[in-house]
Amino acid sequence: MRLLALPSFLASLALTSALPTVNRLDSDESKPLPLLIWHGLGDTYDADGLRETGKLVEQLHPGTYIYYVRVAESSTEDRTGTFFGNITTQIAQVCEDVHSDSNLTGTDGEIRADALGFSQGGQFLRGLLERCDGLSFRSLVTFGSQHNGIQQFPACSDYDFLCKGATNLIKGNAWTDYVQNRVVPAQYYRTLNESTGLPSQDYLQHSNFLADVNNERSARSRVYADQVASMENFVMYVFEEDVTVIPKESGWFAEVNGTTGEVTPLRERQMYKEDWLGLKRLDEKGGLQFKKHPNGHMQLEDKILVDAFQAYFGPESKSNSGLVAQTADAYERVQDAVREVKDYL
């Protein structure tokens, strides 16, 4: 018979007695946080695929209230709004809309929610978080989003005339006020000065959306950084075979040299080191997650969604902070017990 080492045995007993007890009933009965879902380019808030995604969340976390973000109540106009419109205006309208939904707002008028963004919906949700007073996210999960912008505009199918109309307007005119106020993909288009590797002056001066929400200009918003850092989880999925988002590494805030193809990961960038956007603070507390999926853009499998939804959505325990503190205290008591046993031996 193998003998259990005495210090380890006593330590395990101490740990068992010291760890706080979780009330399982209270945890199970806790209401899930509401979930905001923002779809991507060319999609609609009432698309069957998006609704099926919502049903999957509801199956995993019964009682979840899901708000499908839209810029118009008409499905046709909502799709048009993914190509044409002013993102700043759209986000301001969405902020008003969510605050007017009694299923989202608490008694204090504040909104605490989780968020799920597909493609461009991911950076738009982050922009909403940064700009919308009285809104906080526990978890923001994005799939194939363009957090660091795009260097090329998406290809259009033969009969997608909305897409073709948008890309035709952009060509040679990306930095004009007309395009920056009207064409959605142009507002997260981002160019570099290839000789310095820094954002181009055209981008910094004229970008209607991305340069602002990424805090890349010299006048940086502390509110934006604090809002991002306040999240518990910011989970970014990149599709390994993505040829729609160029560069695909944008989904991880990486910088990619369009000429050499050299990739500078987020943690090596100045914006991270100086914490322009709160990402470093979020990372230091374990809240920044870089994940990948082997398929092409938005070719998702249920298992990936289930894993993400189980890990990052659902009830928010009001005793989390207390539980962490109790556990830390318990750990110290265990260490004291182990030290006492060693002294005794």
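Residues numbered from 1 in each chain as written. Predicted model: local features only at pLDDT ≥ 70, side-chain atom pairs only at ≥ 80, totals over all residues. Heavy atoms only, no water.

- The name that an unreviewed UniProt entry assigns to the protein is Palmitoyl-protein thioesterase 1, with the source organism given as Hortaea werneckii EXF-2000.
- The Sequence similarities (unreviewed entry) field of the UniProt record for the protein holds the comment "Belongs to the palmitoyl-protein thioesterase family." (UniProt positions renumbered as here; feature names shortened; annotations may be inferred.)

Quick look at the side chain of Thr-44
At step 1: Mapped onto the fold, Thr-44 is located in the loop between strand 1 (35–38) and helix 3 (48–60).
At step 2: Within the structure, the side chain of Thr-44 is placed 2.9 Å from the side chain of Asp-46, a separation counted as a polar contact.
At step 3: Filtering out sequence-adjacent residues up to four positions away, Thr-44 remains in contact with His-39, Leu-50, Ser-75, Asp-78 and Arg-79. (Helix = DSSP H or I, 4+ residues; strand = E, 2+ residues; numbered from the N terminus. Polar contact = N/O pair within 3.5 Å; in protein donor to acceptor, adjacent residues only side chain to side chain. Contact = heavy atoms within 4.5 Å.)

Quick look at the nonpolar core
At step 1: Formed by 54 residues in total, the largest nonpolar core has its most connected members in Leu-36, Leu-128, Phe-137, Phe-234 and Leu-279.
At step 2: Examining the composition of this core, we find that five residues originate from one element, helix 5 (residues 87–99), more than from any other.
At step 3: Not counting residues within four places of it along the chain, the set of residues in contact with Leu-36 comprises Tyr-67, Val-69, Val-98, Leu-104, Ala-113, Asp-114, Ala-115, Leu-116, Leu-125, Leu-128 and Phe-137.
At step 4: Core analysis: the next-biggest nonpolar cluster, separate from the first, contains 22 residues, Val-141, Phe-309, Tyr-312 and Phe-313 among them. (Core = buried A, V, L, I, M, F, W, Y, C linked by side-chain atoms within 4.5 Å. Buried < 20%, exposed > 50% of the residue type's maximum accessible area, 1.4 Å probe, protein only.)

Focus on the side chain of Ser-136
At step 1: Tracing the chain through its elements places Ser-136 in strand 4 (residues 135–143).
At step 2: A distance of 3.4 Å separates a polar atom in the side chain of Ser-136 from a polar atom in the side chain of Arg-112.
At step 3: Residue contacts for Ser-136: discarding those within four places in its chain leaves Ile-111, Arg-112, Ala-113 and Leu-129.

Details of unusual backbone geometry
At step 1: In this model, Ile-246 is joined to Pro-247 through a cis peptide bond whose omega is 0°.
At step 2: Inspection of the secondary structure assignment puts Pro-247 in the loop between strand 7 (233–239) and strand 8 (255–256).
At step 3: Here Asp-275, not a glycine, exhibits a phi torsion of approximately 55°, which is positive.
At step 4: By the element assignment, Asp-275 lies in the loop between helix 12 (270–273) and helix 13 (279–284).
At step 5: With phi around 60°, Met-298 is a residue other than glycine that occupies positive phi space.
At step 6: With respect to the secondary-structure elements, Met-298 resides in the loop between strand 10 (288–293) and helix 14 (302–312).
At step 7: Taking relative accessible area as the criterion, Met-298 reaches 29% and is therefore assigned partly exposed.

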